[in-house]
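Reading the structure
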Amino acid sequence: FLEQHSKVSRVNYNGLPSHPDHALATKQMRDYGGMLSFELRDGLQAGIDFMNKIRFCTLAPTLGDADTLILHPASMSHINIPKEIRLQNGITDGLVRLSVGIENARDIIADLEQALA
């Protein structure tokens, strides 16, 4: 879903064939896990707007739970880190981290879709 969305520039998930480490992950893992991130094309304000529209997923300052948790580092966990340091570490203004929980995938996708609309 995210790879096909016009507002998303990149999806970071080793379970996708487009990921640079997909072949290695396939050799080493049975499943790929539920942790991923994606880049919103329009940066910081797009990330803030997206997070303000999330309804089903739980906004969280850190990730790791049975529930689906979502985080926009530039406006949440890394808000006090200077932008140049964030960028050096791959934390762009549009980066959103998602830890997929045990909920139905359709519910999670519907929430992402309405937040991106």
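Now for a look at the structure at hand.

**Quick word on helix α4 (residues 105-116)**
The terminal C-alpha atoms of α4 lie 16 Å apart, and with twelve residues this matches the ideal 16 Å at 1.5 Å per residue to within 8%. Among all positions of α4, only I108, D111, L112, A115 and L116 are buried. Looking straight down α4, one finds that the buried residues subtend no more than 130 degrees of arc, so they occupy a single side. Its buried side turned inward, α4 meets β1 (8-12), β2 (35-40), α2 (43-53), β4 (69-71) and β5 (95-99).

**Some words on α2**
Looking at α2, one finds that the buried residues are G43, A46, G47, F50 and M51. Along the axis of α2, the buried positions cluster into a sector of 130 degrees, meaning they face one direction only.

**Some words on the pattern of salt bridges**
If you walk through the whole model with that rule in mind, you get three salt bridges. Residue D93 pairs with K83 through a salt bridge whose shortest N-O separation is 2.9 Å. Linking D93 in the loop between α3 (83-88) and β5 with K83 in helix α3, this pair joins segments that are ten residues apart in sequence. We classify D93 as buried; its relative accessible area is 15%. Salt bridges sharing partners connect three or more residues here, namely K83, R86 and D93.

**Description of the nonpolar core**
In this structure, L2, F38, L40, F50, I70 and L112 are the most contacted members of the largest nonpolar core, which totals 19 residues. Elements that contribute at least two residues to this core include exactly β1, β2, α2, β5 and α4. Element by element, the count of residues in this core is highest for α4, at four residues. Apart from residues lying up to four places away in sequence, L2 is in contact with V8, V11, L36, F38, L112 and L116.

**A word on the sheet that holds β4**
Pairing in this open sheet of five strands is mixed, and the strands run β1-β2-β5-β4-β3 from one edge to the other. The sheet is open, and its two borders are formed by β1 and β3 (58-59), each paired with just one other strand. Bridge count between β4 and β5: three bridges; the pairing is antiparallel. Its bridge partner being in β5, I70 is matched across the sheet by L98. The sheet strands contacting α2 are β2, β3, β4 and β5, and the helix crosses β2 at an angle near 125 degrees.

**Considering the side chain of D93**
At 3.0 Å, the side chain of D93 forms a polar contact with the side chain of R86. Discounting residues that sit within four places of it in the chain, D93 has contacts with G43, L44, H72, A74, K83 and R86.

**Notes on the packing of aromatic side chains**
In the structure shown here, the tally under the stated rule is two aromatic pairs. Considering the side-chain rings of Y13 and Y32, the 6.4 Å spacing of their centres and the 70 degrees angle between planes classify their relative orientation as edge-to-face. With Y13 in the loop between β1 and α1 (22-28) and Y32 in the loop between α1 and β2, this residue pair connects regions lying 19 residues apart in the sequence. Take Y13: its relative accessible area is 18%, and that puts it in the buried class. Arranged with centres 5.8 Å apart and planes meeting at 85 degrees, the rings of F38 and F50 form a pair that is edge-to-face.

Scoring rules and cut-offs
Along each chain, numbering runs from 1 in the same order as the chain's sequence is written. Only residues with pLDDT of at least 70 get local features here, since the model is predicted, and only at 80 or more are side-chain atom pairs given and counted; chain-wide, interface and lining totals rely on the full set of residues. Side-chain metrics rest on all non-hydrogen atoms present in the structure, leaving aside hydrogens and water. The secondary structure listing takes helices from DSSP runs of H or I that are at least 4 residues long and strands from runs of E that are at least 2 residues long, numbered from the N terminus. Take the number of residues in a helix, subtract one, and multiply by 1.5 Å to get its expected span. The buried label applies to any residue whose accessible area, calculated with a 1.4 Å probe on protein chains only, is under 20% of its type's maximum; exposed applies above 50%, and partly exposed to all values in between. Working note: the arc is built from the helix axis to C-beta atom directions. Contacts were defined at the residue level, with two residues in contact if any of their heavy atoms lie within 4.5 Å. Here a salt bridge means any side-chain nitrogen of Lys or Arg lying within 4 Å of a carboxyl oxygen belonging to Asp or Glu. For the purposes of this section, nonpolar cores are sets of buried Ala, Val, Leu, Ile, Met, Phe, Trp, Tyr and Cys residues that join through side-chain atoms within 4.5 Å. When DSSP finds at least two bridges between two strands, those strands are taken to pair. Axes here refer to lines fitted to C-alpha atoms; in helices the fit is confined to the stretch in contact. Angles between the N-to-C directions go from 0 to 180 degrees. Nitrogen and oxygen atoms within 3.5 Å of one another constitute a polar contact, given that in protein one can donate a hydrogen and the other can accept it, and given that sequence-neighbouring residues count only through two side-chain atoms. Stacked, tilted and edge-to-face are the three classes assigned to paired rings of Phe, Tyr and Trp, where Trp is represented by its six-membered ring and a pair needs centres within 6.5 Å; plane angles under 30 degrees give stacked, over 60 edge-to-face, the rest tilted.

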